[in-house]
Amino acid sequence: MSRPTVAEIDLTNLRSNFRAVHKRSGHGNVMGMVKANAYGHGIVECSQTLVAEGVSMLGVAFADEAIPVRIDSTKDSPLHTAPIFVTTPPFPHEADEYCRLNLAFSAASLETVRAFSAAAERHGITLSAHLYVDTGMRRDGIEPQEALAFMQSCEHLPNIRLDGICTHFATADESPSSQKTSFAHQQLQRFHDTLHTLNNAGFTFAHVHAANSAALGNLPQARFTLVRAGFSLYGYNPSNDLSEPFANLHPVMTLRTSIVALRRVPAGTSVSYGRRYITSRETTIATLPIGYADGFPRGLTNKAFCLIRGRRFPIVGTICMDECMVDVSDESFSVGEDVILLGEQGNSRIFANELAAALGTIPYEVLAGISARVRREYINNT
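Draft legend 1. Representation of the environment of H27 in the model. Locating H27 in the fold gives a position in the loop between α1 (11-25) and β2 (30-33). Assessed through its relative accessible area of 31%, H27 is described here as partly exposed. Other than its neighbours up to four places away in sequence, H27 contacts R223, F224, T225, L226 and V227. A distance of 3.0 Å separates a polar side-chain atom of H27 from the backbone nitrogen of N29. A polar atom in the side chain of H27 sits 3.0 Å from the backbone oxygen of R223.

Draft legend 2. A look at unusual backbone geometry. Even without being a glycine, N102 presents a positive backbone phi close to 55°. You can see N102 is positioned in the loop between α6 (95-101) and β5 (104-107). Not every positive phi belongs to a glycine, and S272 is a case in point at roughly 70°. By the element assignment, S272 lies in the loop between β11 (261-265) and β12 (283-288). The partly exposed category is assigned to S272, whose relative accessible area is 23%.

Draft legend 3. Up close: the pattern of salt bridges. Per the counting criterion, the structure on display carries 20 salt bridges. Ionic pairing is found between D96 and R122, a salt bridge with its closest N-O pair at 3.0 Å. Remark: R122 occurs in helix α7 (residues 110-123) and D96 occurs in helix α6; sequence separation between them is 26 residues. By sharing partners, the salt bridges in this structure join R3, D294, D322 and R373 into a single network.

Draft legend 4. Region of interest: the sheet that holds strand β3 (residues 57-60). One open sheet holds the 8 strands; their spatial order is β8-β7-β6-β5-β4-β3-β2-β9, and the pairing between them is parallel. Looking at strand neighbours, the two that pair on one side only are β8 (207-209) and β9 (227-229), the edges of this open sheet. Each strand axis lies, on average, 30° off the axis of its neighbour in the sheet, ignoring direction. Two elements, β2 and β3, share 3 bridges in a ladder whose sense is parallel. Within β3, the position partnered with M33 by the bridge is G59. Where α1 meets the sheet, its contacts fall on β2 and β9, and the angle it forms with β2 comes to roughly 145°.

Draft legend 5. Summary view of the packing of helix α3 (residues 43-53) against helix α4 (residues 63-71). Running from N to C, α3 and α4 cross one another at 70°; their axes reach a closest spacing of 9 Å. Here α3 lies roughly perpendicular to α4, going by the angle between them. In this structure, α3 meets α4 at a crossing whose hand is right-handed. Mapping the contact onto sequence places I43, V44 and S47 in α3 and E65, P68 and V69 in α4. Of the residues assigned to the contact of α3 with α4, the class counts are 4 nonpolar, 1 polar and 1 charged.

Draft legend 6. View of the packing of aromatic side chains. Within the structure shown, the criterion is met by 11 aromatic pairs. Centre to centre, the rings of F105 and F116 are 4.5 Å apart; their planes meet at 45°, and the pair counts as tilted. Linking F105 in strand β5 with F116 in helix α7, this pair joins segments that are 11 residues apart in sequence. As far as burial versus exposure is concerned, F105 and F116 are alike and both buried. Every member of this aromatic cluster is reached through a ring pair, and the members are Y39, F231, Y234, Y236, F351 and Y364. The ring of F305 is capped by R312, whose NZ or CZ atom sits 4.8 Å from the centre of that ring.

Procedures and definitions
Residue indices begin from 1 for each chain and proceed along its sequence in written order. Local features in this predicted model are restricted to residues of pLDDT 70 or higher, and side-chain atom pairs are both shown and tallied only at a pLDDT of 80 or more, whereas totals for entire chains, interfaces and linings draw on every residue. Only hydrogens and water are set aside when side-chain values are computed; all heavy atoms of the structure are taken into account. Labels follow the DSSP assignment, with helices taken as runs of H or I lasting at least four residues and strands as runs of E lasting at least two, numbered in each case from the N terminus. Relative accessibility thresholds used throughout: buried, under 20% of the residue-type maximum; exposed, over 50%; partly exposed, between the two (1.4 Å probe, protein chains only). We call two residues contacting when some pair of their heavy atoms lies within 4.5 Å. Any N or O atom pair separated by 3.5 Å or less is treated as a polar contact, with the protein-specific requirement of one donor-capable and one acceptor-capable atom, and with residues adjacent in sequence counted only for side-chain atom pairs. Any carboxyl oxygen of Asp or Glu within 4 Å of a side-chain nitrogen of Lys or Arg constitutes a salt bridge here. At least two bridges found by DSSP between two strands is the condition for calling them paired. Lines fitted to C-alpha atoms define the axes here, with helix axes fitted over just the stretch in contact, and angles between the N-to-C directions of these axes take values from 0 to 180 degrees. Convention used here: angles under 35 degrees read as roughly parallel, angles over 145 as roughly antiparallel, angles from 65 to 115 as roughly perpendicular, and any remaining angle as oblique. Note on convention: the crossing is left-handed when the near helix lies turned anticlockwise from the far helix by less than a right angle, right-handed when the turn is clockwise. Amino acid classes used here: Ala, Val, Leu, Ile, Met, Phe, Trp, Tyr, Cys and Pro are nonpolar; Asp, Glu, Lys and Arg are charged; the rest, including Gly, are polar. For Phe, Tyr and Trp, where Trp contributes only its six-membered ring, two rings pair if their centres lie within 6.5 Å, and the inter-plane angle classes them as stacked under 30 degrees, edge-to-face over 60, or tilted in between. Both a distance and an angle decide whether a charge sits over a ring: NZ of Lys or CZ of Arg must be within 6 Å of the ring centre and within 35 degrees of the ring normal.

Any functional reading would require information beyond the geometric quantities listed.
See the structure below:
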């Protein structure tokens, strides 16, 4: 029998969230970000769902992430030909891999574009490239003032189609009234200026994109011809400071397990490594088969809760690699009882935002951190 710890992925909610993003975009052109194993939700299954919903292209961070999407699809599968854009600029030596997988790439190095052009010519294909402009993130891309010369150097290279241009915001998730958000507006203006310069020189782009999920809520003028939706697809607003938050998102992942042991212990009993929890009275301690190797972080020790029969109970003692413990007080639970660590049960809920706040991090990290050891089960109520 399989371990009861499982991440349930509700593809019906994914479809609903995509439709909300599709509507918010204003033009319906959405790049669905499926990097990091679709933020922990399963890249193949989520890609299949998004392509069926009409996503314009899929987004990954590295070429390797696209392999299961291409390899797990037959030649007549939509995934075999679905446009996939790799956000992180590649190395020149990756050119053959991009050709083999037919991936669009981020153009930020003339050396790389030349290498990709030569490889594409050898393979007899044409690769799509998106000019990546660094407007202030200081992570990837070329300087705005270098964009025109870059395009002029690339325009006659064979088998490369520079049909996209993009940038990425550093502070799009900040409150619209904050000084940090004004920096996003500065980035947006730099991007506008760069695009204007290139257009005046005769360069046009089918895919113009800057808005991630946060910018969809705070910077409507950044939607251009394509939006990059990530966290919103999986059921969460990317920030509490959006001027236009999504009101109809539904979390896609539920993390559940079952009680594997119960023991009645007296007051003064220590629980788990380091004796970081001492019972204040006689109580019942339940053991759950999930730990930090599953992506339920040790940093949640004595901070997290779980749901049993729709009620909240504290996770107590140091979270172990494979197990953790719960103080269920005087409740009469049974081995095999269903336990929710992330999701809803009855009228109660624990979402990634709550766990992130307890950890001092962001909910992205919580979801993406659920490890491959946790079995994914897909719910598809079409």
